[in-house]
Amino acid sequence: MELNSDFVGGRGRKKGESTAQVSSKTEEADEDASESAPESSEEQIFAGKLFILTSANRPNIDTGFKKKFMTDFISSHGGLVVDDMKEVDEHPEMERFLISDTHYRTHKYLAALVRAMPCVSHEWIYKCLDEKKLVDYKSYLLPSGVSILDDREYPLPKQRGVLLRNKRVMVHSNVIPPSKKSMSFEQIWVPMVPQLGGEVVSEMPNEEGKLDILLTDHSATASLVEKARKIGSAVVSSEWLIQVSF
C-alpha cells in the first residue's frame, strides 16, 4: 500500500456533488408516516438477517425509499432492523446488510464498507415483497462509490481488515461539530481504524517507527504535520482513506 500525503486537506466528489466530506448529520430522508405497513406473514424470509437502513434528503427526487414501510416489512418477515453500527456489531452471527437508495458518503454507508457488508439497493426489499419470497440480492448490490481520480464507480470490498493491517494510526482533528447531533472527526474515524485492520494510537509518539499514519483534516497544525513526518509517519486525509478503499 503506497501512502500518499497529497490527499491531506483534499476534497473529492461523487457524480453530481462537489464535496467528499463524510456526512455526520441526520442521514435519513423524510417519509410519509402514514404509509401503510405490510401485512404480517408466517413466511420468515429474512430470518437470521440483520438490516441497517440509510438514505439522505435529495430535493425533488422521489427514490421510493420508505424507511418505516421497509422496517415493518422486514421485521414482520423475521429480519432484525437496527439503527446504528454498535447494534450491528452486537450480532456477528447474523447475515448483515445495509439498505440504501444509492451510494453515499454517510457515516453508516462508510461504516458498512469497512465491515465489508453488502450494501444493497432498497429495490431488493420491494422485489422480495412483490415476489413474496427471498430474492437473490446480488443483482441489487450498490457500488462503493465514485473515484475522484477516474470518475468510475467501484464495487464493494470483499474483505475486511486489510487496508490498514499492521498499521499504527493516529486520528486527529481540532474541528468542533456544529451541533450535538453531528459526529466529530474522531467519532467517525477512530472506530473505523480497527475495522480496517489498524491499531489506534492516541498520542503522537516521539520515537521514529512508532506511528505509520496520521489521519487528519485541515485543522492539523504545521508543527503536528512536521512532527509526524519527522518520525516517519505518512500524513493523510479521510479522502485518501476513502479513495484507496475503492
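In this convention, every chain numbers its residues from 1, walking through the sequence in written order. Reporting in this predicted model follows two pLDDT cut-offs: at least 70 for local features of residues, and 80 or more for side-chain atom pairs to be given and counted; totals over whole chains, interfaces and linings ignore these cut-offs and use all residues. Hydrogens and water are ignored here; the side-chain numbers use all heavy atoms of the structure.

Novice: If you had to explain the overall build of the protein chain to someone new, which residues and values would you point to?
Specialist: Strands here mean DSSP runs of E at least two residues long; helices mean DSSP runs of H or I at least four residues long; both are numbered from the N terminus. A count of helices and strands for the protein chain gives 8 helices and 10 strands. Only protein chains enter the calculation, and the probe is 1.4 Å; a residue is then buried if its accessible area is under 20% of its type maximum, exposed if over 50%, and partly exposed in between. Going through the 246 residues of the protein chain one by one, you find that 48% of them count as buried. Surface exposure here means Shrake-Rupley accessible area, sampled with a 1.4 Å probe, where a residue is shielded only by the protein chains that are shown. Total accessible area computed for the protein chain in this model is approximately 13100 Å², and 47% of it derives from carbon and sulfur atoms.

Novice: I'd like to hear about the packing of helix 1 (residues 67-76) against helix 4 (residues 123-131), residue by residue, with values.
Specialist: The N-to-C vectors of helix 1 and helix 4 enclose an angle of 55°; their axes lie 11 Å apart at closest approach. Our classification of the angle between helix 1 and helix 4 gives oblique. Judged by the twist between their axes, the crossing of helix 1 over helix 4 is left-handed. On helix 4, the residues touching F69, M70, F73 and I74 of helix 1 are I125, Y126, C128 and L129. Three classes are used: nonpolar for Ala, Val, Leu, Ile, Met, Phe, Trp, Tyr, Cys and Pro, charged for Asp, Glu, Lys and Arg, and polar for all others, with Gly counted as polar. Broken down by class, the residue content of the contact of helix 1 with helix 4 amounts to 8 nonpolar, no polar and no charged. Axes, fitted as lines to C-alpha atoms, cover a helix only where it is in contact. Angles between the N-to-C directions of the axes lie from 0 to 180 degrees. In what follows, roughly perpendicular refers to angles from 65 to 115 degrees, roughly parallel to angles under 35, roughly antiparallel to angles over 145, and oblique to any angle outside these ranges. In this scheme, a crossing is called left-handed if the near helix is turned counterclockwise away from the far one by less than a right angle; it is called right-handed if the turn is clockwise. Whether two residues touch is decided by their heavy atoms; if any such pair falls within 4.5 Å, the residues are in contact.

Novice: Any details on the confidence of the model for the protein chain? Residues and values, ideally.
Specialist: Along the chain, pLDDT gives the predictor's confidence residue by residue, from 0 to 100. Looking at the protein chain as a whole, the pLDDT averages 84, with 82% of positions reaching at least 70. Here helix 8 (residues 238-245) is the element of the protein chain with the lowest mean pLDDT, 81, and strand 2 (residues 80-82) is the one with the highest, 98. Contacts for the low-pLDDT stretch residues 1-20, under 50 throughout, to residues beyond four places or in other chains number 49 contacts. Low pLDDT (under 50) marks residues 29-34, which in the prediction has 10 contacts with non-local residues, meaning those over four places away or in another chain.

Novice: Describe unusual backbone geometry, listing the residues and the values that go with them.
Specialist: Although it is not a glycine, D151 sits at a positive phi angle of roughly 60°. Positive phi values are uncommon outside glycine, yet N166 reaches one of about 65°. With respect to the helices, strands and loops of the structure, N166 is situated in the loop between strand 6 (153-154) and strand 7 (168-171). Accessibility expressed as a relative area gives 67% for N166, which makes it exposed.

Novice: Explain the pairing of strand 7 to me, using residue names and the numbers behind them.
Specialist: Relative to strand 8 (residues 199-200), strand 7 is paired through 2 bridges, and the arrangement is parallel. Bridge pairing in strand 8 links V169 to V200. Between any two strands, at least two bridges found by DSSP are needed for them to pair. As paired strands, strand 7 and strand 9 (residues 213-216) are joined by 3 bridges and run parallel to one another. By the bridge assignment, V171 is partnered in strand 9 with L215.

Novice: So, the environment of L215: which residues are in play, and what are the values?
Specialist: Its location among the elements puts L215 in strand 9. Looking at L215, the relative accessible area reads 2%, which means it is buried. A C-alpha to C-alpha distance of 5.2 Å links L215 and V236, two positions 21 residues apart in sequence. For L215, the residues in contact, after removing those within four places along its chain, are V169, M170, V171, H172, F185, W189, V236, S237, S238 and L241.

Novice: Describe the nonpolar core, with residues and values.
Specialist: Each nonpolar core is a collection of buried residues, namely Ala, Val, Leu, Ile, Met, Phe, Trp, Tyr and Cys, held together in the definition by side-chain atoms within 4.5 Å. Among the nonpolar cores identified, the biggest contains 36 residues, and M85, L98, Y109, L164, W189, L215 and L241 are the most heavily contacted of them. For this core, the element with the highest residue contribution is helix 3 (residues 107-114), accounting for 6 residues. When residues no more than four places from it in sequence are discounted, the contact partners of Y109 are L98, S100, T102, H103, Y104, C119, L142, P143, S144 and L156. Counting 19 residues, the second largest nonpolar core, distinct from the first, contains F46, F69, F97 and C128.

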